[in-house]
There are 4 protein chains.
Amino acid sequence: MSATWGNMLKLTVFGESHGAAIGGVLDGIRAGTEVDEQYIAAQMARRAPGSKLSTPRSEADAVEILSGVTNGRTNGAPLAFTIRNRNTRSGDYSQFAVTPRPSHSDYPAGVKYHGYNDFSGGGHFSGRLTAVLVAAGSIVRRELEKHGIKTGAHLIRVGNAEAERYDPQSPSLCTDTAQSILQQIKDALERGDSVGGQIECAVCGLPVGLGEPFFDSVESCLAHLLFSVPGVKGVSFGGADDAPSAFGSGFNDPLAVREGRIVALTNNAGGINGGLTNGMPIIFTVKMRPTPSIFQPQKSVDMEKMQDTVLNIKGRHDPCIALRAVPVVEACAALAIYDLILSDKNQTVL
Amino acid sequence: MSATWGNMLKLTVFGESHGAAIGGVLDGIRAGTEVDEQYIAAQMARRAPGSKLSTPRSEADAVEILSGVTNGRTNGAPLAFTIRNRNTRSGDYSQFAVTPRPSHSDYPAGVKYHGYNDFSGGGHFSGRLTAVLVAAGSIVRRELEKHGIKTGAHLIRVGNAEAERYDPQSPSLCTDTAQSILQQIKDALERGDSVGGQIECAVCGLPVGLGEPFFDSVESCLAHLLFSVPGVKGVSFGGADDAPSAFGSGFNDPLAVREGRIVALTNNAGGINGGLTNGMPIIFTVKMRPTPSIFQPQKSVDMEKMQDTVLNIKGRHDPCIALRAVPVVEACAALAIYDLILSDKNQTVL
Amino acid sequence: MSATWGNMLKLTVFGESHGAAIGGVLDGIRAGTEVDEQYIAAQMARRAPGSKLSTPRSEADAVEILSGVTNGRTNGAPLAFTIRNRNTRSGDYSQFAVTPRPSHSDYPAGVKYHGYNDFSGGGHFSGRLTAVLVAAGSIVRRELEKHGIKTGAHLIRVGNAEAERYDPQSPSLCTDTAQSILQQIKDALERGDSVGGQIECAVCGLPVGLGEPFFDSVESCLAHLLFSVPGVKGVSFGGADDAPSAFGSGFNDPLAVREGRIVALTNNAGGINGGLTNGMPIIFTVKMRPTPSIFQPQKSVDMEKMQDTVLNIKGRHDPCIALRAVPVVEACAALAIYDLILSDKNQTVL
Amino acid sequence: MSATWGNMLKLTVFGESHGAAIGGVLDGIRAGTEVDEQYIAAQMARRAPGSKLSTPRSEADAVEILSGVTNGRTNGAPLAFTIRNRNTRSGDYSQFAVTPRPSHSDYPAGVKYHGYNDFSGGGHFSGRLTAVLVAAGSIVRRELEKHGIKTGAHLIRVGNAEAERYDPQSPSLCTDTAQSILQQIKDALERGDSVGGQIECAVCGLPVGLGEPFFDSVESCLAHLLFSVPGVKGVSFGGADDAPSAFGSGFNDPLAVREGRIVALTNNAGGINGGLTNGMPIIFTVKMRPTPSIFQPQKSVDMEKMQDTVLNIKGRHDPCIALRAVPVVEACAALAIYDLILSDKNQTVL
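The rules we used
- Residues numbered from 1 in each chain as written.
- Chains lettered and ligands numbered in written order.
- Predicted model: local features only at pLDDT ≥ 70, side-chain atom pairs only at ≥ 80, totals over all residues.
- Heavy atoms only, no water.
- Helix = DSSP H or I, 4+ residues; strand = E, 2+ residues; numbered from the N terminus.
- Buried < 20%, exposed > 50% of the residue type's maximum accessible area, 1.4 Å probe, protein only.
- Polar contact = N/O pair within 3.5 Å; in protein donor to acceptor, adjacent residues only side chain to side chain.
- Contact = heavy atoms within 4.5 Å.
- Arc of directions from axis to C-beta.
- Buried area = accessible area lost by both parts, 1.4 Å probe.
- Salt bridge = Lys/Arg side-chain N within 4 Å of Asp/Glu carboxyl O.
- Nonpolar A, V, L, I, M, F, W, Y, C, P; charged D, E, K, R; others polar.
- Least-squares fit on C-alpha atoms with pLDDT ≥ 70 in both.

K.L.:
Break down the side chain of Thr99 of chain B for me, with residues and values.
P.N.:
All names here are of chain B. If you trace the backbone, Thr99 turns up in the loop between strand 7 (79–84) and helix 2 (106–112). A residue is classified by how much of its surface remains accessible, and Thr99, at 10% relative accessible area, is buried. Of the polar contacts made by the side chain of Thr99, one reaches the backbone oxygen of Val301; its length is 3.3 Å. Setting aside residues no more than four positions away along its own chain, Thr99 makes contact with Ser300, Val301, Asp302, Thr309 and Leu311.

Put into structure tokens, the structure is as follows:
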């Protein structure tokens with residue numbers, strides 16, 4: 001019902017964390033689009049595990065393209081790719097069918113699928129699936145960049161640390177992580193704990209008028225995709241988090257003519273009015289929960305005996321999923337914008 | 001491209017603020033479902049304008065059902081309905097094609113549609129379209145209630161005023177507005193200003209396992225619909241707004257067996273794990289911007305002369321769109337949940 | 001699930017034969033498209049009942065546009081319209097819930113909807129719904145014509161009478177009905193019987209390359225829509241009916257350069273190769289069953305007593321549904337082609 | 001736009017004839033469904049090339065399942081599979097970008113994709129893609145069989161040879177090919193020619209009421225999928241080919257009570273009334289064109305010089321695509337019926 005996303009650009013994802021492979025089918029990219037495998041690999045490396053602050057599970061995350069590309073360019077047919085799973089250790093997960101990990105998919109997935117779901121590493125619910133988003137996103141993102149549409153994201157909050165936000169009218173698109181934020185993650189890791197995070201993302205260079213009324217507002221399309229990313233629990237556009245306390249006289253973005261173009265003098269709308277892009281940068285933030293898997297004893301239940309128990313999780317887990325989600329959020333933004341461009345009957349930007 | 005929403009339940013909306021009528025087509029309701037026109041009217045009245053704190057535009061908002069109902073029950077065919085527009089005054093809006101209202105759809109819609117769009121009252125971008133959501137939502141909501149699934153929303157923040165939140169594990173579903181919040185709206189109205197607001201919504205009595213991986217997480221489906229509502233700029237599930245600063249040891253919801261059922265002892269997840277309902281109440285908040293139309297001079301542009309100008313808006317406008325959006329948010333929740341139930345191949349709850 | 005059709009152009013239909021109104025919502029037409037109500041009315045008149053050879057039920061079939069049009073042009077918002085039902089006589093139909101009409105929807109619809117469906121005039125299954133297709137189709141068809149894409153259909157077979165087919169490489173698009181065919185219908189009417197029919201349709205002036213692989217071949221998209229028309233039981237493209245007996249050496253369409261353009265010297269493919277338009281006219285035929293309602297005693301069942309019975313149908317019925325389906329088939333062709341043009345990312349024809 | 005088909009069951013296909021692999025993603029199968037790899041292999045073998053009467057290209061067509069299956073049963077996640085291409089010879093096809101094969105996708109695909117499409121073996125337009133339909137179809141077909149829903153198809157016409165049709169009320173589901181038909185194919189092969197064919201298919205054991213009004217009639221859903229199969233040019237349900245000459249008094253299917261069940265005494269409707277299954281076997285035929293690739297000189301064009309030329313095709317081609325399409329048609333029927341069952345909110349058959 002739901003492995004496929006998009007209107008004119010469609011992405012279908014598949015795979016389980018510890019299965020043979022994960023992958024995707026990307027359908028609708030214009031024929032003749034260059035596919036730069038080095039660029040894809042570079043984006044994959046940004047999301048890949050293996051650093052000191054992520055899961056010790058180490059994977060090359062090599063993207064194998066099976067179809068849709070001829071001589072380095074898209075050929076108009078669906079572009080399918082796989083990423084083989086290596087270094088899998090399904091033995092770590094057998095107990096969770098009986099004693100679900102708190103705040104994890106184990107319990108509702110087990111009920112939904114009558115126990116037939118793959119519990120190993122969260123199966124299809126694993127954050128590993130976001131590698132597919134990055135692979136697909138990097139293909140369209142590269143093409144958007146060639147047409148002047150750029151995307152960047154960075155961590156602005158983790159635990160008690162905050163980083164400076166982008167200038168909402170002229171974002172730097174710097175994607176580095178502040179030292180104070182890295183320190184929070186290290187601290188959590190050392191305590192056997194995990195920590196949440198907030199990512200800010202900007203998209204610059206957009207044409208005016210993307211988005212479709214009523215149900216396909218830019219906010220709706222972006223949020224739908226972003227909330228598919230495991231761990232994302234909040235999405236806010238522009239000054240949304242301050243909006244409930246704000247007054248129109250201060251929150252409205254005044255319009256002006258500057259260098260022959262219509263611009264907004266502030267960007268509380270996050271680049272979107274009436275669900276349509278207004279030419280200003282799209283700015284949004286994503287709030288992610290702490291990794292549910294922690295290395296401290298937790299209250300859970302034994303579903304066979306139907307009684308309370310205490311769960312100790314072993315295995316390999318990121319202390320902060322938000323850290324590796326930065327390129328995933330960028331990929332979501334690129335995918336959504338590309339689809340909105342193709343869906344706008346008047347757009348000639350691509 | 002986008003007038004239609006949903007998978008197994010589909011809602012198609014139409015209409016402009018000052019056109020002949022707005023309306024919708026609701027397809028996929030089970031045949032034999034009771035359609036209680038009094039219940040619908042009661043919900044419509046909650047959203048209707050006419051109070052001292054909303055636009056003076058007064059409309060009965062009578063829902064005329066054209067098809068899909070026989071002898072008071074759905075007959076399996078699409079249920080179409082209209083709400084006639086009365087009391088329209090399109091003269092108020094003629095200037096906005098040239099001098100767009102800041103933070104409003106005027107500018108991007110004019111670009112997108114090459115000026116052919118209906119500027120009167122915002123046309124199809126008007127908040128008036130949310131009456132269609134309430135009408136459609138009240139039909140499925142009534143049926144959900146009969147099966148024990150209940151929805152409620154209320155304002156928790158407007159300007160400087162805050163109201164008490166629901167208990168996330170056992171929400172009261174009270175929909176009243178606190179006096180302090182009403183006072184903030186009155187104050188904004190008197191100043192010719194507008195004010196934002198935050199709505200909290202809860203859905204109780206849900207089965208475990210609703211939601212479809214990967215792209216149709218419960219969060220994705222709800223957020224897609226909620227961000228269609230004009231003025232909604234942020235959506236947060238459970239404890240999302242605190243999540244970036246939280247640690248897993250405190251944010252995880254411990255599981256326990258209580259009275260023979262598996263429950264979570266806290267509800268930071270807002271009733272959703274891995275994108276699936278976990279049987280706890282769904283809790284989310286919606287952050288809405290202040291109404292863009294205010295009665296103070298604003299900086300805008302003259303698009304014919306391509307120069308800066310000052311705009312004074314007349315007409316009728318709500319000082320706080322969040323006030324009337326409370327039943328709209330409830331309607332969105334009911335529509336999304338009904339669709340998720342029908343889309344879950346194992347559900348027998350309806 | 002199914003009241004909505006289309007990708008970039010979406011049509012949602014609603015209504016029952018003897019309900020308040022039938023109608024549709026057409027979403028995705030380019031903003032600024034002229035809506036010529038006289039043209040629509042003329043197409044509606046071609047399908048309308050009232051002639052000596054159709055049902056005596058007489059209706060003006062006036063199309064009321066509720067939204068989506070400003071100053072005679074589409075405004076980018078969904079275009080909703082209704083056609084009020086007048087002259088309804090639901091008393092004629094009450095018996096069919098118990099004793100279904102053979103070859104009619106009565107029996108399977110009653111089972112599917114547990115008896116809650118509207119049996120009056122076939123309810124939502126009535127051929128009357130095709131008036132919605134004609135109304136919607138005439139809006140896009142007019143626009144296609146302005147861009148040189150023309151559609152025409154005519155009856156080529158009814159009972160024992162046949163009419164001359166179009167020249168498949170240069171169709172005349174004449175829509176008249178041959179006298180011999182009208183005589184067959186008259187004869188059937190006089191006998192209290194009904195008769196089937198075959199309609200040929202051509203679309204000329206098409207660009208090369210419409211259609212999307214794999215599942216949205218031109219044939220798939222056209223056939224999906226055509227088989228939605230009540231009574232259509234067969235769809236054949238080009239020389240399909242002769243194809244099983246043909247050899248490649250005779251059936252292939254040789255290519256040639258004529259006046260600087262690539263053309264096919266024959267058109268057995270019906271203008272479609274590999275599911276894509278090849279620039280030749282699209283040619284297809286539609287085979288329709290005789291009207292199931294006849295004025296002769298028929299074997300049926302009494303579902304309450306679960307025993308055999310004999311049914312005598314009264315009421316008003318067309319002796320040949322194919323006669324009035326000619327403009328419906330043209331409307332389907334126009335809708336499908338318009339959607340395929342919008343769905344082709346490289347098309348600039350509109 | 002179009003690599004994905006289905007509502008509640010979704011199939012996404014990918015691959016080119018001479019690329020790395022073809023494959024599919026099947027989403028929506030109930031969790032816990034047995035996946036019998038031997039059954040799949042047996043169905044694949046029925047479609048596989050390698051016999052004397054098909055292309056000499058010989059491939060094992062081994063289906064590798066990448067996801068969606070745990071311990072031999074579906075796990076609720078999308079089921080992805082690939083079929084590696086071996087024995088590819090892309091050198092055979094280089095000329096067709098300049099001199100397109102008559103009645104083949106070469107010309108329109110080259111125009112549509114500005115020459116970026118993969119011409120090797122027809123690329124994504126190759127009949128080889130139907131192997132994906134057979135693989136996916138065999139998974140759901142096996143499950144339908146367990147619930148008493150059986151599918152069978154056979155060749156009823158090739159060239160001048162005809163085979164006996166199924167009894168429309170009680171089809172035998174024999175899938176053998178008549179000797180006279182095989183002889184027609186042999187003769188065509190010897191002449192360097194190709195020949196068309198007509199396949200009859202039946203589906204038995206269906207519940208009453210499958211199909212959704214208005215646009216998702218059983219005929220629409222089946223035809224959409226069938227016309228995706230390369231070479232299919234006509235689809236007819238029940239007695240459709242005779243319907244234009246028939247009268248209602250002879251074509252209507254009388255109803256009767258037999259052994260406590262309601263049955264139709266004839267089956268001219270092909271098991272479908274008003275777009276819904278009526279409990280009788282679904283019967284339809286598919287008409288396929290002769291293979292466009294023949295070993296005789298053909299008139300074509302040189303698109304670089306824009307002048308007429310003569311084309312001689314070499315390579316490996318089936319003399320009759322209909323022969324290998326028999327299991328493909330069955331697979332389409334199984335996929336469409338499975339989707340219709342899941343889409344019917346009242347069905348409990350699976």
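Now that the structure is up, let's keep going.
K.L.:
Tell me about helix 1 (residues 37–47) of chain C, and name the residues and values.
P.N.:
Residues and elements named next belong to chain C. Three or more residues of helix 1 are buried, namely Tyr39, Ile40, Gln43, Met44 and Arg47. Projected onto a plane normal to the axis of helix 1, the buried residues spread over an arc of 135 degrees and lie on a single side. When the buried face of helix 1 is taken as reference, the exposed residues oriented beyond 90 degrees from it are Gln38 and Ala45. Buried residues along helix 1 sit against strand 4 (63–65), strand 7 (79–84), helix 3 (130–146) and helix 7 (321–343). At the N-terminal end of helix 1, a side-chain oxygen is found 3.0 Å from the backbone nitrogen of Gln38, two or three residues along, and the residue is Asp36.

K.L.:
Account for the interface of chain A and chain B, with residues named and values stated.
P.N.:
Of the residues lining the interface, 107 residues belong to chain A; the matching set on chain B comes to 108 residues. Across the interface of chain A and chain B, roughly 8,700 Å² is buried in total on both sides, 60% from carbon and sulfur atoms. When the buried area of chain A at its contact with chain B is split by residue, Phe214, Phe215 and Lys233 of chain A rank highest and sum to 11% of it. The interface formed by chain A and chain B contains 10 salt bridges. A salt bridge links Lys112 of chain A to Asp344 of chain B, with the shortest nitrogen-to-oxygen separation between them at 3.2 Å. The interface formed by chain A and chain B contains 66 residue pairs in polar contact (both at pLDDT 80 or more). Residue contributions to the side of chain A that touches chain B peak at 6 residues, all from strand 11 (residues 232–237) of chain A.

K.L.:
Break down the interface of chain D and chain C for me, with residues and values.
P.N.:
Taken together, the contact pairs 107 residues of chain D with 107 residues of chain C. Together chain D and chain C conceal approximately 8,700 Å² of surface at their shared face, both sides included; 61% is due to carbon and sulfur atoms. Interface area lost by chain D to chain C is led by Phe214, Phe215 and Lys233 of chain D, which between them contribute 11%. Taken together, chain D and chain C are joined by 66 residue pairs in polar contact (both at pLDDT 80 or more). Here the side of chain D that touches chain C gets 6 residues from one element, more than from any other, and that element is strand 11 (residues 232–237) of chain D. Its residues assigned to classes, the side of chain D that touches chain C shows 51 nonpolar, 38 polar and 18 charged.

K.L.:
So what's going on with the relation of the copies chain A and chain B? Residues and values would help.
P.N.:
Overlaying chain A with chain B gives an RMSD of 0.0 Å, the required rotation being 180 degrees about an axis along which the chain moves by 0.0 Å. One copy is carried onto the other by what is essentially a two-fold rotation axis. Here 100% of the interface residues in chain A have copies in chain B that are interface residues too; the copies meet face to matching face.

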